[in-house]
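Listed below, chain by chain, are the residues.
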Amino acid sequence: MARSKTSPVNGNNNHDSSLQQYNDADGHFSLVRNFRLADLVTIMNGVCGSFSIFSSAQYLLTNDDDYLLWALALPLAGLMFDFMDGKVARWRKSSSMLGQELDSLADLVSFGVAPAVVAFAVGLRTYLDTVCLTGFICCGLARLARFNATVAIIPKDAAGKSRYFEGLPIPSSLGLVAILSYWVRRGWVEGKQGIPGGLITLWGTPGGRGDIHPVSVIFGLWAAAMVSKTLRVPKL
């Protein structure tokens, strides 16, 4: 959930001053020294997403359910930091261009890549499954880029906040994580009771590239909803 951006009129001045700030900074760790408190909170969102990805990888290596549970829980922790960074920025009355970009990149890791990797770990591992998961990640990437580019022209309320999101916001992917969590609780994972809906072969022989779990289409539909121009989700 990206932080609110400045108006187009004031945005140019803020943009120039932010660029000058990083241009003037010199010496070792100058980037880190320019971080605001809200930027550090945003980075914690990315940390949660990264640890979720590595936990999924550990599950694939060890088959230890604890790693899978951590992989499912950490994106939710990332959401907490995603909500907090904007509040911290307003509390400290400080925001930066770097922070706005960090926010989108952290969201992509925690709510795009991490849920897709968890789905792969749970059992969506065929070639066509990974096509759906890759489409999901790329649509999340495009969704965030569009938000950054168009947020200034979206109608605002009296407080200056956007009235709605164009398409599903990428943190909504936690709904998919909740579904995967339910599957894990029921044992509906690869190597146990299997993925709900089973496996079908669209072409070729079973075990080939034509295999797909029908439920992976959910990720494809979610991806389409994220990049939709006509779907407008009221902003809370």
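What counts as what
Residues numbered from 1 in each chain as written. Predicted model: local features only at pLDDT ≥ 70, side-chain atom pairs only at ≥ 80, totals over all residues. Heavy atoms only, no water. Patch = residues over 30% accessible without salt bridge, like charges linked within 9 Å, V, L, I, M, F, W, Y side chains within 5 Å. Areas by Shrake-Rupley, 256 points an atom, 1.4 Å probe, with all protein chains shown as cover. Salt bridge = Lys/Arg side-chain N within 4 Å of Asp/Glu carboxyl O. Buried < 20%, exposed > 50% of the residue type's maximum accessible area, 1.4 Å probe, protein only. Axes fitted to C-alpha atoms, helices over the stretch in contact; angles between N-to-C directions. Helix = DSSP H or I, 4+ residues; strand = E, 2+ residues; numbered from the N terminus. Parallel < 35°, antiparallel > 145°, perpendicular 65-115°, else oblique. Left-handed = near helix turned anticlockwise from the far one by under 90°. Contact = heavy atoms within 4.5 Å. Nonpolar A, V, L, I, M, F, W, Y, C, P; charged D, E, K, R; others polar. Core = buried A, V, L, I, M, F, W, Y, C linked by side-chain atoms within 4.5 Å. Phe/Tyr/Trp six-rings, centres within 6.5 Å; stacked < 30°, edge-to-face > 60°.

Asker: Can you walk me through a nonpolar patch on the surface in this structure?
Answerer: A surface patch of nonpolar side chains, amounting to about 340 Å² of accessible area, comprises Leu37, Leu40 and Trp91. Among the residues examined, Trp91 registers a relative accessible area of 61% and is labelled exposed.

Asker: Teacher, can you tell me more about the packing of helix H7 (residues 174-186) against helix H8 (residues 217-227) here?
Answerer: Think of two packed helices as two axes; the pair is described by the angle between the axes and how far apart they sit. Contact geometry for H7 and H8: axes closest at 11 Å, N-to-C directions at 165°. Classified by the angle between their axes, H7 and H8 sit roughly antiparallel to one another. You can see that H7 and H8 cross each other, and the crossing is right-handed. In this structure, H7 uses Gly175, Leu176 and Leu180 to contact H8, whose residues at the interface are Ile218, Phe219 and Trp222. Per-class residue counts for the contact of H7 with H8 are five nonpolar, one polar and no charged.

Asker: Sorry, what's going on with the nonpolar core here?
Answerer: Soluble, globular proteins show a tendency: their nonpolar side chains are buried together. Of all hydrophobic cores here, the largest spans 29 residues; its most connected members are Leu68, Val122, Leu180 and Phe219. In terms of residue count, helix H5 (residues 97-122) provides more of this core than any other element does, seven residues in total. Sequence-distant contacts of Leu180, that is, excluding residues within four places in its chain, are made with Leu72, Pro115, Val118, Ala119, Val122 and Phe219.

Asker: What am I meant to see in the pattern of salt bridges here?
Answerer: Opposite charge on two side chains lets them pair, provided their charged atoms get close. Under the defined criterion, the tally for this structure stands at three salt bridges. Two residues, Glu166 and Lys229, come together in a salt bridge whose shortest N-O distance is 3.1 Å. Note that Glu166 is positioned in strand S1 (residues 164-166) and Lys229 in the loop between H8 and strand S4 (232-234), a separation of 63 residues in sequence. A cluster of three or more residues bridged by salt bridges with shared partners is formed by Arg146, Glu166 and Lys229.

Asker: What should I look at first to understand the packing of aromatic side chains in this one?
Answerer: Any two aromatic rings considered together are summarised by their centre-to-centre distance and by the angle between their planes. Throughout the structure, instances matching the rule amount to two aromatic pairs. Note on Phe136 and Phe219: the rings are 5.3 Å apart at their centroids and 85° apart in plane angle, and the pair reads as edge-to-face. Of this pair, Phe136 sits in helix H6 (residues 127-150) while Phe219 is found in helix H8, placing the two residues 83 residues apart along the sequence. Classification of Phe136 by relative accessible area gives buried; the value is 1%. Residue class for Phe219 comes out buried when judged on its relative accessible area of 4%. With centroids separated by 5.6 Å and ring planes inclined at 80°, the aromatic side chains of Tyr182 and Trp188 adopt a geometry described as edge-to-face. Residue classification places Trp188 among the partly exposed residues on the basis of a relative accessible area of 24%.

Asker: Any chance you could explain the packing of H6 against H8 here in plain terms?
Answerer: At a minimum axis separation of 8 Å, H6 and H8 run at an interaxial angle of 15°. Comparing the axis directions of H6 and H8 gives the class roughly parallel. Crossing hand, H6 versus H8: left-handed. Here Cys132, Leu133, Gly135, Phe136, Cys139, Gly140, Ala142, Arg143 and Arg146 of H6 come into contact with H8, specifically with Phe219, Trp222, Ala223, Met226 and Val227. Grouping the amino acids of the contact of H6 with H8 by side-chain chemistry returns ten nonpolar, two polar and two charged.

Asker: Help me understand unusual backbone geometry, please; the structure alone is not making it clear to me.
Answerer: Glycine aside, residues mostly have negative phi, and peptide bonds are mostly found in the trans state. Look at Asn63: it is not a glycine, yet its phi comes out positive at around 65°. By the secondary structure assignment, Asn63 is in the loop between helix H3 (37-62) and helix H4 (65-92).

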